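For reference, the chains in residue letters:
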Amino acid sequence: MKVDLTTRWLGLKLRTPIVVGSSPLGEKLDTLKRLEEAGAAAVVLPSLYEIELEHDEAEIVHVLDQGTEAFDEATSYLPDIQDFHTGPKDYLDRLTKTKQALGVPVIGSLCGMSKAGWADYARRMQEAGADAIELNGYFVPTDPELDAKAVEDRYVESVATACGAVSIPVAVKIAPYFTAPVHFARRLQKAGAKGLTLFQRVLDPDIDLEELHVGVDTHLSGSDELGNTLRWLAILHGRVGCDLAASTGAHKAADVLKLLLAGACSVQMASALIKNGPEHVTSVLKGVELWLEEHEDPQVAEVEGSLSQLHCEEPQEYEHAQHHKKLIRYTHHGE
Amino acid sequence: MTVETSEAVARTAEKPKAAKKWITVDGNEAAARVAHKTNEVAAIFPISPSSPMAELADALSAKGEKNLWGDVPIVLQMQSEAGAAGAAHGSLQAGALTTTFTASQGLLLMIPNMFKIAGELTSTVFHVAARTVATHALSIFGDHSDVMAARSCGWAMLAANNVQEAHDFALIAQAASLRSRLPFIHFFDGFRTSHELHKIEALSDDDMRTLVDFELVRKHRARGMSPDRPDLRGTAQNPDVFFQAREACNPYYLAVPIIVKEVMDLFAAQTGRQYKLFDYVGAPDAERVIILMGSGADAAEETVEALVARGEKVGMIKVRLYRPFANDVFLAALPATARSVAVLDRTKEPGATGEPLYQDVLTALAEDLATGNGRFERMPTLVGGRYGLSSKEFNPAMVKGIFDELSKAKPKNHFTIGIVDDVTHTSLAYDKEYDLEPPDVVRAVFYGLGSDGTVGASKNSASIIASATKMHVQGYFVYDSRKAGAETVSHIRFGPRPIKSTYLIRRAQFVACHAFQFLERKDVLAEAMDGATFLINSPFGPDEVWGRLPIETQQQIIDKKLKVHVINAYRIAREAGLGMRINTVMQTCFFALSNVIPKDQAMEAIKKAIHKSYGRLGEKVVNRNLDAVSRSLENLHEVKVPAKATNPLRRIPPVPATAPDFVQRVTAAIIEGRGDQLPVSALPVDGFFPTGTARFEKRGIADSIPIWDKDLCIQCAKCAIVCPHAAIRTKVFDEKDLEAKPGTFETLPWRGSSGGDFKGKFMRIQVAPDDCTGCGICVEVCPARSKTEVKHKAINMTPRLDHLEVERKNFDFFVDIPEVDRSKADLMNVKGIMQLEPLFEFSSACPGCGETPYLKLLTQFFGDRMVVANATGCTSIYGGNLPTTPWGANKHGRGPAWSNSLFEDNAEFGLGMRLALDQQAAQARRLVEKLAPRVGDNLVRAILTADQTSEAGIHEQRQRVAELKKLVEKVDSEDARELLPVIDDLVKHSVWIIGGDGWAYDIGFGGLDHALASGRDVNILVVDTEVYSNTGGQASKSTPRAAVAKFAQAGKRTGKKDLGMIAMSYGDVYVAQVAMGASDAHTVKAFLEAESWPGPSLILAYSTCVAHGIDMSKGMEHMRDAAASGYWPLYRYDPRRALKGEPPFSLDNQRKKITARDFMQKEARFMMLSRSQPEIAEQLATQAQRDIEERWHLYEQMAKIVPAPMTAPAVSSAAGASTAAPPAPEGEE
């Protein structure tokens, strides 16, 4: 039996369900080519960080200005280099080059929270050749006056602005921390999102006990982080009218299958590929294929969401959030 | 040749002319653009004010700009001007069109080669931004003493008077040099022309091709040395032929005036600008004439035109071709009607019969008269005068004063103008109020704070007006000699005609004060005309600001009927995300108020300029500036001026009333900007000034200052050791010293046993609130944190104004508490050392300077017995630039004796001091021995055998010498009289030779090497910033690979020189590499060991600098990372260890977490390249990492090397000094 691994995402046709997630893997063209050869169906590039660009510009201006035009003998202290690369130019150039070099869809990723920034950079990514854009915004609401609705509004408005600025599809990569995720997901969809990616990996703060400094750190995900993604994929599947992509916890074929069954139409992998190399895609796909063969499911597309909350036999299992004894059902009370 | 030129003129005249292209540039750029186009090689070295020419040439080549022949000129930095001249000579001899740029002592260093270049009849042009030669003092400003010192070299000399001429004459000199085969000095006045911004007509490539004869270029190349057509040059000649050979060049010199005239005519035909060898301006029948050259000529021309217009028979001659001096052409230019003539020289030749130009004119006239049938029948009354030394103002009032003097029957000869000479009475009196500023010229003066963008904004405004209108513009910028809290004054003129006012604005229609604090101390309205507009940047709004102005300012506003506007530029800049840069805000306000061009048009032009200036740096920056433009217009308010001034607030005097007489009379005037008014008698005849004057200049430049929280303090004193300005201090004292203390003067009981024998005493950390620059380094290094709020430390940056009154009182009390008994302090411990009085305080170095903490530390150790030889550079500027000096003295009057000789000779200078001190000590010892029977044998023995290796030993010796002095004073003998002047040399004197890496690695390396090899007891401290900091960050041989610096724009391709290793190769040199931020204890140890080693010592001290592109408040952190990453290993090489059979080299730090690459990534000097050329940057960074690994590896091996048996290093100790190698200081491993 020949298994059909093709699927779709954001209106793009994918030859397999595995997409390279936004990560340092996207920085080198060679790596991306190997990933494509290994079977990756699309790549999401590393994020363009709005805040980084701004910071970078401000720092350069500050450093070049420091001490200037103050003293007779030295009106400046660093050479006046004219061809600085600041702003999004490098990122956009890389996007164009990647698009030209690869056959699979290339998705730009944009990290920031300003409306103007999202619209502007999204437009430029489209111009640079992106097949789609994944918005990857997250801000930490520290203002006690800011309520949950105001926080959500801020996302929704930014997403609407970005979606309005481009004709290519836009996905939104969300964080796992919202009060009412389903409601929020629907708002994003209404704002124009063609897909949701579950979930962002946000940087974790850390404390240096020696220096008493606070820093941030990031770490690679593991299969053990799969659960939360499964839960929300399953719950959202069928309840929002856009594509769902999984992005945290997919390390092996079994993980990918679980995510597909829960409701993902595509699965983004990053940590596992960083750990195991680009060729890991091939072995994961083999595993997926094998399972589909064994289960006589010739098409990936068919199994998508087959175990979502709406489609599974134990919908309440997705809702269990606290430790308690397994609820044993003594009577049949389904339809 | 003549015929050819005439034909060329004719051809040129027929050619259709291209449209004029106007550019707004300064004199340096004007000259350098032509030089780069018309040369193939440039050998360069930085020296103010010519450095920007070299920088531009380097930048153009780095960008790949080609010369007229389609090649990118090679621009190579040399180790000194002597090196640049040598390289230029070689390049010329090998046939390349070659140039260089220089000034002052730099030109003097070129003289030996310049004689040769002229002797070999070599075509070249050296471009000189003429600058004062250092005599009783260094001055970076402009006069002709340098070019005059070079006039015997046999070069043709062409003087440009303004920016346009600096552009034009660069080309004329080049063309004439090729035709005549004589080398040319093309010179223009330093700063006044080199740094004056002007709208000029640009020369096109076509213009240059027309003037520069390519056939002559080919001939020049063909004269180049080649093994294919060998010849012998640079021979040695003997009495038989040298003389005749020397005369063989005469025809070439005779031809030069004709050639230059022809080239000038050709130039005129091409460009429409006609110059002559001597340009006469004025009445054809002038009776009074002045003669001069340089920028003063424009001011004189303005005056002559005005006087002629009112019917006076006056005139002037602008000298263009100064050498060869064409007598006949000169005489033809001088009206025969001239009855009295003044020749003005911008130089002084003490002892001469007159200054050079005067002598030339005198000779020309005398020779004319001697022929009996010359142009003149009788000798006009001829006088010479000096003006404008070191850029001293020269304005129409002075020119008029000279003409008035010429009206007298017996005008004063050898006069001076512009000063009051009340000693030898050379100066002319003149009417200072005389003024020529025409009404249709707009004049604006902007007072700004260094780095706030004021100068940039003024330059931008000038450029905008220059390009948006047909108006001519002129911008001149007066900077501060202080680097921290520097003040700038921008003088901008706009007018319908070319502006010849080569002097400061005295009557402005627009005055802006960009820093509100200036109003507290400065008279910023001195230049405001009646009815002028006054713009203030103020934290106080339109209703409040009036009440915040000192009464003097209020009164001026009322008297002069000024229109006052206010804006809170810092708030707007902050809100727009521009930090402290208020240039865009203030520039917008200027255009909104001045109406120089219609407002809408002006705003469009500003926006265009923003895109141009910031476009390369990113869109966000552009947008922020654009945002600032609109915010500025919304927030600019007019201030209602009341009819009466009422404020009790008065301007603060420049120095306190308690300051010594000299400081009150002289220093205060200089601080206040009244230095021009000081008469000759007020100034020291020999340039010797008192030390310890910075303490009187309370500048109050910090926004926030460190405030002590005693409850958290652990008394480590790290804040005090790192403070670059000695503005945070600690002191230990007795309870009884506190009787009269202010109530706010908190103290802590002395804690712990380290630091010295101070049990039962008290201590305090004290800020000097008016001297702190607010750099924040002290807070960064403070290790003591609150348990409940980690960000709160034992000192915290707090708004200055909130603490000013209290801390002023506290500081005054603190200073008056008696200093600690030095013999009680533990000198191996930072806490102990910091109790010692610093004799280097409140330097004007950049806030957060990495160099000054080392100097301050030195003075805490050795200040009362040290002599300093200081190389020119940052150290000599913040150390010795008037008005004040941080080098101080203790209450006994003892302190560092400081002097600066030159940039290149500092090691020799210091070595010479050592020789003198050693000789004097030997004399003293000999005489003491002879006087033993008269003063007591025991005392003499004690003095001659004293152990002066410790503080206690030196203290005891001082007491013995004091006792001896009393006894000797009573002895009536020749020996006693001879002994007294050298008696203090019986106490050990410490010689310190201090300078930066530009000196030590480059220009002074030869001398440094010799001092190291001398075996003498000299201590050399190199504050190593890895660039020429003072002249703006040019690469030195200390600059590491991969760093970007001026002259290494594309990243330095070669590795850093290992100066320490070179010094170690002598075996008897103590060498240490230190970084205070990495280990203050190591720095301390190295300083003590170096000083105690009776031979030469070298300390390389890592010094952070703004040129590194770092946050200066984190300087110590960068030092720590530099060491921890292996980038800057800490080590000590102590020959004493070799004597003991131990490895003399000790690698003193360990490499930690951070890699060299991590370290480099935090500094813009390394990161800039990755922004423009990422691939090259990556390649260089890899190599740089390799350099560091290799050096570390080598040092690790060295640390294991024990000396071969019986090879103790020989120390050729100074004759007569206490010679025994001292025991190793405590703490020796």
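Residues numbered from 1 in each chain as written. Chains lettered and ligands numbered in written order. Predicted model: local features only at pLDDT ≥ 70, side-chain atom pairs only at ≥ 80, totals over all residues. Heavy atoms only, no water.

1. Side note on the overall build of chain B
(1) Moving on: Each helix and strand counted, chain B has 42 helices and 37 strands in total.
(2) Moving on: Relative to the 2.2 N^0.38 estimate, which gives 33 Å for 1229 residues, the radius of gyration of chain B is 32 Å and therefore close to what a compact globule would have.
(3) Moving on: Across its three principal directions, the C-alpha atoms of chain B cover 90 × 85 × 75 Å.
(4) Moving on: Counting over 1229 residues, chain B shows a buried share of 61%.
(5) Moving on: Partitioning the contacts of chain B with sequence separation of at least 6, the portion at a separation of at least 24 is 77%.
(6) Moving on: Across chain B, 143 positive and 149 negative side-chain charges occur, with their mean positions spaced 3 Å apart. (Helix = DSSP H or I, 4+ residues; strand = E, 2+ residues; numbered from the N terminus. Rg over C-alpha atoms; globule rule 2.2 N^0.38 Å. Buried < 20%, exposed > 50% of the residue type's maximum accessible area, 1.4 Å probe, protein only. Contact = heavy atoms within 4.5 Å. Lys, Arg positive; Asp, Glu negative; His and termini not counted. Charge placed at Lys NZ, Arg CZ, Asp CG, Glu CD.)

2. Overview of a nonpolar patch on the surface
All names here are of chain A.
(1) Moving on: On the surface, Ile 207, Leu 209 and Val 214 cluster together into a nonpolar patch covering about 360 Å² of accessible area.
(2) Moving on: Summarising the element assignment, Val 214 is placed in strand E10 (residues 213-217).
(3) Moving on: Overall, Val 214 belongs to the exposed group, its relative accessible area being 65%. (Patch = residues over 30% accessible without salt bridge, like charges linked within 9 Å, V, L, I, M, F, W, Y side chains within 5 Å. Areas by Shrake-Rupley, 256 points an atom, 1.4 Å probe, with all protein chains shown as cover. Salt bridge = Lys/Arg side-chain N within 4 Å of Asp/Glu carboxyl O.)

3. Structural notes on the interface of chain B and chain A
(1) Moving on: The interface of chain B with chain A comprises 49 residues on the first partner and 38 residues on the second.
(2) Moving on: For the pair chain B and chain A, the two sides together bury roughly 4,000 Å², of which 52% comes from carbon and sulfur.
(3) Moving on: In this structure, the connection of chain B to chain A is made through four salt bridges.
(4) Moving on: The tally of links between chain B and chain A comes to 12 residue pairs in polar contact (both at pLDDT 80 or more).
(5) Moving on: Broken down by secondary-structure element, the contributors of at least two residues to the side of chain B that touches chain A are helix H16 (454-468), helix H22 (619-634) and helix H41 (1164-1172) of chain B. (Buried area = accessible area lost by both parts, 1.4 Å probe. Polar contact = N/O pair within 3.5 Å; in protein donor to acceptor, adjacent residues only side chain to side chain.)

4. Quick look at empty space enclosed by the protein
Residue and element names in this part refer to chain B.
(1) Moving on: All told, the structure shown has 10 cavities of 30 Å³ or more when counted by the stated rule.
(2) Moving on: By volume, the largest cavity amounts to about 400 Å³.
(3) Moving on: If you go around the largest cavity, you meet 35 residues; those closest to its centre are Thr 872, Gly 873, Phe 903, Asn 1030 and Thr 1031.
(4) Moving on: At the level of elements, helix H5 (104-119), helix H29 (874-880), strand E30 (990-996), helix H34 (997-1003) and strand E32 (1027-1028) are the ones that each hand at least two residues to the lining of the largest cavity.
(5) Moving on: Of the pockets and cavities examined, the second largest cavity occupies roughly 180 Å³.
(6) Moving on: What lines the second largest cavity is a set of 20 residues, among which Glu 697, Arg 699, Phe 842, Ser 843 and Ser 844 lie closest to the centre.
(7) Moving on: When the residues that make up the lining of the second largest cavity are grouped by side-chain class, the tally is nine nonpolar, six polar and five charged. (1 Å grid on protein atoms, 1.4 Å probe; cavity = no way out; pocket = protein on both sides within 12 Å on 5 of 7 lines; lining within 4 Å. Points joined across faces, edges and corners; volume = space filled by probe spheres on them. Nonpolar A, V, L, I, M, F, W, Y, C, P; charged D, E, K, R; others polar.)

5. Brief notes about the pairing of strand E6 (residues 156-159) of chain B
Residue and element names in this part refer to chain B.
(1) Moving on: On E6, burial covers both faces: Ala 156 and Leu 158 on one face and Met 157 and Ala 159 on the other are all buried.
(2) Moving on: Pairing geometry for E6 and strand E7 (residues 184-189), over four bridges, is parallel. If you follow Leu 158 over to E7, its bridge partner there is His 186.
(3) Moving on: Each parallel crossover has a hand, and for E6 linked through helix H7 (residues 163-180) to E7 it is right-handed. (Pairing = 2+ DSSP bridges. Right-handed = clockwise from strand over helix to strand, strands pointing away.)

6. Here's the deal with the side chain of Ser 1125 of chain B
Residues and elements named next belong to chain B.
(1) Moving on: Mapped onto the elements, Ser 1125 comes out in the loop between helix H38 (1115-1124) and strand E36 (1131-1133).
(2) Moving on: A distance of 3.2 Å separates a polar atom in the side chain of Ser 1125 from the backbone oxygen of Ala 1122.
(3) Moving on: Of the polar contacts made by the side chain of Ser 1125, one reaches the backbone nitrogen of Tyr 1127; its length is 3.3 Å.
(4) Moving on: The contact partners of Ser 1125, leaving out residues within four places of it in the chain, are Arg 1151, Ile 1154, Thr 1155, Ala 1156, Phe 1159 and Ile 1188.

7. Comments concerning the sheet that holds strand E34 (residues 1070-1074) of chain B
Strands belonging to one sheet form pairs held by backbone hydrogen bonds; the direction of such a pair is parallel or antiparallel.
Residue and element names in this part refer to chain B.
(1) Moving on: The mixed open sheet is built from eight strands, whose spatial order is E29-E28-E30-E31-E35-E34-E36-E37. Each edge of the open sheet is held by one strand with a lone partner, namely strand E29 (897-899) and strand E37 (1145-1147). The sheet shows a mean angle of 15° between the axes of neighbouring strands, direction not considered.
(2) Moving on: Relative to E30, strand E28 (residues 866-870) runs parallel, the two sharing five bridges. For Val 868, the partnering residue across the bridge sits in E30 and is Trp 992.
(3) Moving on: In the packing of helix H28 (residues 852-862) onto the sheet, the strands contacted are E28, E30, strand E31 (1019-1024), E34 and strand E35 (1097-1102), and the crossing angle to E30 comes to about 180°. (Axes fitted to C-alpha atoms, helices over the stretch in contact; angles between N-to-C directions.)

8. What to know about unusual backbone geometry
Residue and element names in this part refer to chain B.
(1) Moving on: A cis amide bond, omega -5°, links Ser 48 with the succeeding residue Pro 49.
(2) Moving on: With respect to the helices and strands, the residue Pro 49 is situated in the loop between strand E2 (41-44) and helix H3 (51-62).
(3) Moving on: The omega torsion across Leu 882 and Pro 883 is 15°, close enough to zero to call that bond cis.
(4) Moving on: Structurally, Pro 883 is set in the loop between H29 and E29.

9. Some points on the packing of helix H4 (residues 81-93) of chain B against H5 of chain B
Residues and elements named next belong to chain B.
(1) Moving on: Look at H4 against H5: their axes get within 7 Å of each other, and the N-to-C directions meet at 25°. On the basis of the axis angle, H4 is roughly parallel to H5. For H4 against H5, the interelement crossing comes out right-handed. Together, Glu 81, Ala 82, Ala 84, Ala 85, Gly 86, His 89 and Leu 92 of H4 and Gly 106, Leu 109, Met 110, Asn 113, Lys 116 and Ile 117 of H5 make up the contact between the two elements.
(2) Moving on: A per-class count over the contact of H4 with H5 returns seven nonpolar, four polar and two charged. (Parallel < 35°, antiparallel > 145°, perpendicular 65-115°, else oblique. Left-handed = near helix turned anticlockwise from the far one by under 90°.)

10. Thoughts on the nonpolar core
All names here are of chain B.
(1) Moving on: In terms of nonpolar packing, the biggest core is built from 214 residues, with Phe 534, Tyr 854, Trp 999 and Leu 1021 touching the most fellow members.
(2) Moving on: In this view, Tyr 854 contacts Leu 1021, Val 1023, Val 1074, Ala 1075, Met 1076, Thr 1083, Phe 1087, Ala 1101, Tyr 1102, Ser 1103 and Met 1119; residues no more than four positions away in its chain are not counted.
(3) Moving on: Counting 108 residues, the second largest nonpolar core, distinct from the first, contains Ala 35, Met 53, Val 147 and Phe 169. (Core = buried A, V, L, I, M, F, W, Y, C linked by side-chain atoms within 4.5 Å.)

11. Quick word on the state of the cysteines
(1) Moving on: For the coordinates displayed, the defined rule picks out zero disulfides over all chains.
(2) Moving on: In this structure Cys 1105 of chain B is a free cysteine whose sulfur lies 6.2 Å from that of Cys 874 of chain B, the closest cysteine sulfur available. (Disulfide = S-S within 2.5 Å.)

12. Description of the pattern of salt bridges
All names here are of chain B.
(1) Moving on: Under the counting rule described, the total for this entry stands at 102 salt bridges over all chains.
(2) Moving on: Arg 233 is the partner of Asp 231 in a salt bridge, and the nearest nitrogen-oxygen pair spans 3.1 Å.
(3) Moving on: One salt bridge connects Arg 548 with Glu 544, and the closest N-O pair in it is separated by 2.9 Å.
(4) Moving on: The exposure class assigned to Glu 544 is partly exposed, which follows from its relative accessible area of 38%.
(5) Moving on: Through salt bridges with shared partners, a single network forms among Asp 1024, Glu 1026, Lys 1056, Glu 1163 and Arg 1165.

13. Regarding the environment of Asp 360 of chain B
Residue and element names in this part refer to chain B.
(1) Moving on: Along the chain, Asp 360 turns up in helix H14 (residues 356-371).
(2) Moving on: Assessed through its relative accessible area of 14%, Asp 360 is described here as buried.
(3) Moving on: Put simply, Asp 360 and Tyr 322 are 38 residues apart on the chain and 9.4 Å apart in space, counted from C-alpha to C-alpha.
(4) Moving on: Not counting residues up to four positions away in its chain, the partners in contact with Asp 360 are Tyr 322, Arg 323 and Phe 325.

14. Observations concerning helix H3 (residues 89-101) of chain A
Residues and elements named next belong to chain A.
(1) Moving on: Between its terminal C-alpha atoms H3 stretches 18 Å, which fits the 18 Å expected from 13 residues at 1.5 Å a residue.
(2) Moving on: When H3 is considered as a whole, its buried residues turn out to be Tyr 91, Leu 92, Leu 95 and Thr 98. What you see down the axis of H3 is that its buried residues fit within an arc of 120°, all on one side. When the buried face of H3 is taken as reference, the exposed residues oriented beyond 90 degrees from it are Lys 97 and Gln 100.
(3) Moving on: Taken together, the buried residues of H3 touch helix H1 (29-38), strand E4 (42-49), strand E5 (106-111) and helix H4 (115-127). (Expected span 1.5 Å × (residues − 1). Arc of directions from axis to C-beta.)

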